[in-house]
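Summary of structural features
Here are the chains, one letter per residue:
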Amino acid sequence: MKKLLSLVRAAVDRYNMIDEGDKIAVGVSGGKDSLALLYALARLRTFYPKHFDIIAITLDYRFGNEDGDFTEIQKLCDSLDVKYVVKKTDLWDVIFNIRREKNPCSLCAKMRRGILHDTAKEYGCNKIALGHHLDDAAETFMMNLLNGGTIKCFSPVSYLSRKELYLIRPLIFAYEKDVKRAATSLNLPIVKSKCPADGVTERQNTKELLLSLEKKYPALREKIVGAMQRGEVSGW
């Protein structure tokens, strides 16, 4: 965890992600990335020179019209002295039953963002921390290039003027393997996704493409992120 925490602090410092008095909502899906981010920010809060507070927010998709079980995440939040909010939604019903989306990921992401932003505002937060890591950044860059012909990615820090919220991504200097190692060593309570589209997305295809390319071009993901920084792409 020490390595992951140092990478988080490096990203926070480089992009000035945290200011004095911030109240940050951590979007907790139940996956390893968001749980590791939650743990890292809770630890960072104890010694970072700028004082800030965090709360954890989980959106319950209610797969099969049943409430999700997030008991173990609640226990983790209690141990970290972090307020935990589970927001019940009708995402599963709307996307898979009412709309019957053939490509559900886009609509789901849009609806999910809206609910998360509104919930964060409801609890007085001025920032939202998301668990995207270095691999996600490289994959997003490649997806935009290959599918849309654009040179762009999500930003380390972005401002949503309509919501008056900042989005921050403190894990962007960490490889997915770093996050996984930390989650395993801490025995974080991962909640497996029940989404029918999990693991069969365009992102998964891009992940596999990059892994295959790295056999010939080592550290390709790191090179992509470095190129975005040097080119100042999307605020990098």
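It should be noted that the structure appears before, not after, this text.
The sections below set out a description of the structure shown in this document. Just so it is clear, the model here is predicted, and its values are computed rather than measured.

1. Remarks on the pattern of salt bridges
- Evaluation of the coordinates by the stated rule reveals 19 salt bridges.
- Residue Lys 207 pairs with Glu 139 through a salt bridge whose shortest N-O separation is 3.0 Å. One end of the pair, Lys 207, is in helix 8 (residues 202-213); the other, Glu 139, is in helix 6 (residues 134-148), with 68 residues separating them in the sequence. Glu 139 matches Lys 207 in its accessibility class, with the two residues each being buried.

2. Overview of the side chain of Lys 207
- In this structure Lys 207 comes out as buried when scored by relative accessible area, which is 17%.
- Within polar-contact distance, the side chain of Lys 207 engages the side chain of Glu 176 at 2.9 Å.
- Here Lys 207 is in contact with Glu 139 and Glu 176, once residues within four sequence places are set aside.

3. Focus on helix 1 (residues 2-14)
- Given a rise of 1.5 Å per residue, 13 residues ought to cover 18 Å, and the 18 Å separating the end C-alpha atoms of helix 1 matches this to within 8%.
- Among the residues of helix 1, Leu 4, Leu 5, Leu 7, Val 8, Ala 11 and Val 12 are the ones counted as buried. Down the axis, helix 1 shows its buried residues gathered within 160° of arc, on one side only. Those residues of helix 1 that are exposed and angled more than 90 degrees off the buried face are Lys 2, Lys 3 and Arg 14.
- Following helix 1 by one or two positions, Asn 16 has its phi on the positive side, about 50°.

4. A look at the nonpolar core
- In terms of nonpolar packing, the biggest core is built from 57 residues, with Ile 18, Leu 38, Leu 41, Leu 44, Ile 54 and Trp 236 touching the most fellow members.
- Secondary structure elements with two or more residues in this core: helix 1, strand 1 (22-27), helix 2 (32-45), strand 2 (52-60), helix 3 (71-80), helix 6, helix 7 (176-185) and helix 9 (220-230).
- Here the element with the most residues in this core is helix 2; it accounts for nine residues.
- Not counting residues up to four positions away in its chain, the partners in contact with Leu 44 are Leu 5, Val 8, Arg 9, Val 12, Ile 18 and Phe 52.
- Listed in part, the 12 residues of the second largest apolar core include Ile 55, Ile 57, Leu 116 and Ala 120.

5. Re the side chain of Ser 155
- Residue position: Ser 155 is located in the loop between helix 6 and strand 5 (157-160).
- On the basis of relative accessible area, Ser 155 is assigned to the buried category, the value being 17%.
- Within the structure, Ser 155 has its side chain in polar contact with the backbone oxygen of Ser 234 (distance 2.6 Å).
- Residues contacting Ser 155, with those up to four places away along its chain left out, are Arg 169, Ser 234, Gly 235 and Trp 236.

6. Brief notes about the pairing of strand 1
- Burial of strand 1 is extensive: five of the six residues sit out of reach of the surface.
- Relative to strand 2, strand 1 runs parallel, the two being bridged by six bridges. Residue pairing in the sheet places Asp 22 in a bridge with Phe 52 of strand 2.
- Read from strand 1 through helix 2 to strand 2, the crossover connection turns out right-handed.
- Two elements, strand 1 and strand 4 (residues 127-129), share three bridges in a ladder whose sense is parallel. Residue pairing across strands places Ala 25 opposite Ile 128, the latter belonging to strand 4.

7. Brief notes about the packing of helix 6 against helix 8
- The N-to-C vectors of helix 6 and helix 8 enclose an angle of 105°; their axes lie 9 Å apart at closest approach. With respect to helix 8, the element helix 6 is oriented roughly perpendicular. Packed against helix 6, whose contacting residues are Asp 136, Ala 138, Glu 139, Thr 140, Met 142, Met 143, Leu 146 and Asn 147, the element helix 8 presents Glu 202, Arg 203, Thr 206, Lys 207, Leu 209 and Leu 210 at the interface.
- When the residues that make up the contact of helix 6 with helix 8 are grouped by side-chain class, the tally is six nonpolar, three polar and five charged.

The rules behind the values
Residues numbered from 1 in each chain as written. Predicted model: local features only at pLDDT ≥ 70, side-chain atom pairs only at ≥ 80, totals over all residues. Heavy atoms only, no water. Salt bridge = Lys/Arg side-chain N within 4 Å of Asp/Glu carboxyl O. Helix = DSSP H or I, 4+ residues; strand = E, 2+ residues; numbered from the N terminus. Buried < 20%, exposed > 50% of the residue type's maximum accessible area, 1.4 Å probe, protein only. Polar contact = N/O pair within 3.5 Å; in protein donor to acceptor, adjacent residues only side chain to side chain. Contact = heavy atoms within 4.5 Å. Expected span 1.5 Å × (residues − 1). Arc of directions from axis to C-beta. Core = buried A, V, L, I, M, F, W, Y, C linked by side-chain atoms within 4.5 Å. Pairing = 2+ DSSP bridges. Right-handed = clockwise from strand over helix to strand, strands pointing away. Axes fitted to C-alpha atoms, helices over the stretch in contact; angles between N-to-C directions. Parallel < 35°, antiparallel > 145°, perpendicular 65-115°, else oblique. Nonpolar A, V, L, I, M, F, W, Y, C, P; charged D, E, K, R; others polar.

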